[in-house]
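# Structural overview
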Amino acid sequence: MTIIGVGLIGGSLGLISKRKKLVETVVGYGKKRGSLQKATAMGVIDRYVLTLPKAVEGADLVVLATPVGTFERICQAIAPHLKEGAIVTDVGSVKGAWVARMESLMPRHAFFVGGHPIAGREKSGVEAATAELFQGSRCILTPTAQTDPKALKKVAALWEKAGARVSEMNPFDHDQILAAVSHLPHLVAYVLMETLTHPKIAKKNPVQFSAGGLRDFTRIAASSPEMWRDIFLLNRDAVVEIVDLYQESLEKVKKKILEGDAAGLMEIFERAKSIRQKALS
Ligand SMILES: NC(=O)c1ccc[n+]([C@@H]2O[C@H](COP(=O)([O-])OP(=O)(O)OC[C@H]3O[C@@H](n4cnc5c(N)ncnc54)[C@H](O)[C@@H]3O)[C@@H](O)[C@H]2O)c1
Ligand SMILES: O=C(O)C(=O)C[C@]1(C(=O)O)C=C[C@@H](O)C=C1
């Protein structure tokens, strides 16, 4: 197996694959030699390669684990070097039209399977990788009419052995759902931190008086800006749609506050609390 981008997610897949001997060899490809050396020392990969064609040469499975905005260029670069029957999969947070684009970039003798482990954290880089990251989490695969059933089965088996519960989903449904439960929360966390830098409030240095509320709510604002820039740009339509709904809800609540509508606020907060408790506790 070759992992392209040995960071938090690629590194965690490497660790569990080596620990459980899910594949024969784990080869890492990346841009930074120092980080690949660290990955080798940590037991995340068996060896590393610094050129893309060499990295995928002879690989049965290639996993794209770089920011989603890099996938297209990487697929173009590796396509001529994939072996007969090779499977290329990804861990990217956006699917939609990109899955068909990746499929179209594959040579006739290789297969693409879209994948997305729904597990992560706000820390990036191989230092943050753990073998337990996917344990008990979900992993969404996004097969299309073009997907090879055997390739799909192999990718599903890898994630199951890594500890994940695999679901299959249409790539566009994936993007709508993830826009709501992952992309919107990250956007709101980033925007909240940004709001605190507004001159009207920043001069009072409010953050020094914060406690768990701000800390818990904005943990994910410490996530990789590069990764999230790509996610918002590549999942633009679904993100804009959910941001519109969010703005509607925010306006509704703001109006109730302005009007002193205590009962209206109670109704919204009680419903939100109950949904949060049922769904996430
Ligand atoms: N962080 C999460 O919570 C999470 C969860 C699920 C899926 N994902 C997806 O996983 C992918 C990786 O995210 P991550 O959190 O592991 O990020 P990361 O920053 O920890 O790792 C990315 C790695 O890719 C390398 N890289 C970046 N651009 C490259 C390029 N052009 N060529 C080669 N290497 C390159 C970086 O040096 C780094 O080692 C993203 O597509 C992201 O959408 C992230
Ligand atoms: O737990 C976190 O820090 C995460 O952000 C993980 C998280 C999410 O839940 O939104 C982030 C991006 C992914 O594509 C999948 C999972």
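Along every chain, residues carry numbers that run from 1 in the direction the sequence is written. Here chains are named by letter from A upward and ligands by number from 1 upward, in the order in which they appear as written. Confidence filtering applies because this is a predicted model: local features only for residues at pLDDT of at least 70, side-chain atom pairs given and counted only at 80 or more, and all residues used for totals across whole chains, interfaces and linings. The basis for every side-chain value is the complete set of heavy atoms in the structure, and neither hydrogens nor water enter the calculation.

Labelled according to an unreviewed UniProt entry, the chain appears under the name prephenate dehydrogenase, originating from Candidatus Manganitrophus noduliformans. UniProt positions are given in the numbering used here, feature names are shortened, and annotations may be inferred rather than shown by experiment. The heading Sequence similarities (unreviewed entry) in the UniProt record of the chain holds the text "Belongs to the prephenate/arogenate dehydrogenase family." Of the comments in the UniProt record for the chain, the one headed Pathway (unreviewed entry) reads "Amino-acid biosynthesis; L-tyrosine biosynthesis; (4-hydroxyphenyl)pyruvate from prephenate (NAD(+) route): step 1/1."

Moving on, we come to the site of ligand 1. What makes a residue near a molecule or strand is one non-hydrogen atom of that residue sitting within 4 Å of it. The environment of ligand 1 is formed by 28 residues, the closest being Leu 8, Ile 9, Thr 66, Ser 93 and Gly 125. Polar contact criterion, stated in full: a pair of N or O atoms within 3.5 Å, where within protein one must be able to donate a hydrogen and the other to accept it, and residues adjacent in sequence count only if both atoms are side-chain atoms. Within the side chain of Ser 93, a nitrogen or oxygen atom sits 2.6 Å from an oxygen atom of ligand 1. The contact in question runs from an oxygen atom of ligand 1 to an N or O atom on the backbone of Gly 125, over 2.7 Å.

The next subject is the packing of helix H7 (residues 171–195) against helix H11 (residues 236–259). Interhelical geometry of H7 versus H11 gives an angle of 65° and a closest axis separation of 9 Å. For the element pair H7 and H11, the recorded crossing hand is right-handed. Counting all contacts with H7, which are made through Asp 175, Gln 176, Ala 179, Ala 180, His 183, Leu 184, Leu 187 and Val 188, the residues of H11 involved are Ala 238, Val 239, Glu 241, Ile 242, Val 243 and Tyr 246. Axis definition: a line fit to C-alpha positions, over the contact stretch in the case of helices; interaxial angles, taken between N-to-C directions, run 0 to 180 degrees. Segments assigned H or I by DSSP are reported as helices when at least four residues long, segments assigned E as strands when at least two residues long, and all are numbered from the N terminus. For any helix crossing, the convention is left-handed if the near helix is rotated counterclockwise from the far helix by under a right angle, and right-handed if that rotation is clockwise. Any two residues having at least one pair of non-hydrogen atoms within 4.5 Å are treated as being in contact.

Once that is clear, we can look at the sheet that holds strand S8 (residues 138–141). Pairing between strands is defined by DSSP: at least two bridges between them are needed. Read from one edge of the open sheet, three strands run S7-S8-S9, paired in mixed fashion. Pairing within the sheet leaves two strands with one partner each, and these edge strands are strand S7 (115–118) and strand S9 (165–168). Taken pair by pair, the neighbouring strands of this sheet meet at an average axis angle of 25°, ignoring direction. In this sheet, S8 lies alongside S7 in antiparallel orientation, the contact comprising four bridges. Among the inter-strand pairings, His 116 is bridged to a residue of S8, identified as Ile 140. In the packing of helix H6 (residues 149–161) onto the sheet, the strands contacted are S7, S8 and S9, and the crossing angle to S8 comes to about 170°.

Here we take up the side chain of Thr 66. Structurally, Thr 66 is set in the loop between strand S4 (61–64) and helix H4 (71–78). Reaching out from Thr 66, the side chain makes a polar contact with the side chain of Thr 70 at a distance of 2.6 Å.

A word on unusual backbone geometry. The general pattern is negative phi for most residues beyond glycine and trans for most peptide bonds. With a phi close to 50°, Lys 21 is a non-glycine residue in the positive phi region. Here Lys 21 lies in the loop between helix H1 (8–19) and strand S2 (27–29). The rule is simple: take the accessible area with a 1.4 Å probe, protein chains only, and divide by the maximum for that residue type; under 20% is buried, over 50% is exposed, in between is partly exposed. Accessibility expressed as a relative area gives 70% for Lys 21, which makes it exposed. Look at Asn 205: it is not a glycine, yet its phi comes out positive at around 45°. Given a relative accessible area of 41%, Asn 205 falls into the partly exposed group.

The next point concerns the site of ligand 2. Near ligand 2, the surroundings consist of Ser 93, His 116, Ala 119, Gly 120, Arg 121, Glu 122, Ser 182, His 186, Arg 219, Ile 220 and Trp 228. At a separation of 3.0 Å, an oxygen atom of ligand 2 approaches a polar side-chain atom of His 186. Values of accessible area rely on a 1.4 Å probe in the Shrake-Rupley scheme; residue burial ignores everything except the protein chains shown. Bound to the protein, ligand 2 loses 83% of the 370 Å² it would expose on its own. Residue polarity is assigned by list, with Asp, Glu, Lys and Arg as charged and Ala, Val, Leu, Ile, Met, Phe, Trp, Tyr, Cys and Pro as nonpolar; anything else, Gly included, falls into the polar class. Looking at the shell around ligand 2, its residues break down into three nonpolar, five polar and three charged. Structurally, the shell around ligand 2 is a two-domain feature, drawing no fewer than three residues from each of domain 1 (2–169) and domain 2 (173–280). Note that domain bounds follow an automatic or database assignment of domains.

What follows concerns the packing of aromatic side chains. Pairing of aromatic rings covers Phe, Tyr and Trp, the last through its six-membered ring, and needs centres within 6.5 Å; plane angles under 30 degrees mean stacked, over 60 mean edge-to-face, and all others mean tilted. In the structure shown here, the tally under the stated rule is two aromatic pairs. Note on Phe 134 and Trp 159: the rings are 4.9 Å apart at their centroids and 85° apart in plane angle, and the pair reads as edge-to-face. One end of the pair, Phe 134, is in the loop between S7 and S8; the other, Trp 159, is in helix H6, and 25 residues separate them in sequence. Assigned by exposure class, Phe 134 and Trp 159 land together as buried. Between Trp 228 and Phe 232, the ring centres sit 5.6 Å apart and the planes meet at 40°, which makes this aromatic pair tilted. With a gap of four residues between them, Trp 228 and Phe 232 both fall in helix H10 (residues 225–234), about one helical turn apart.

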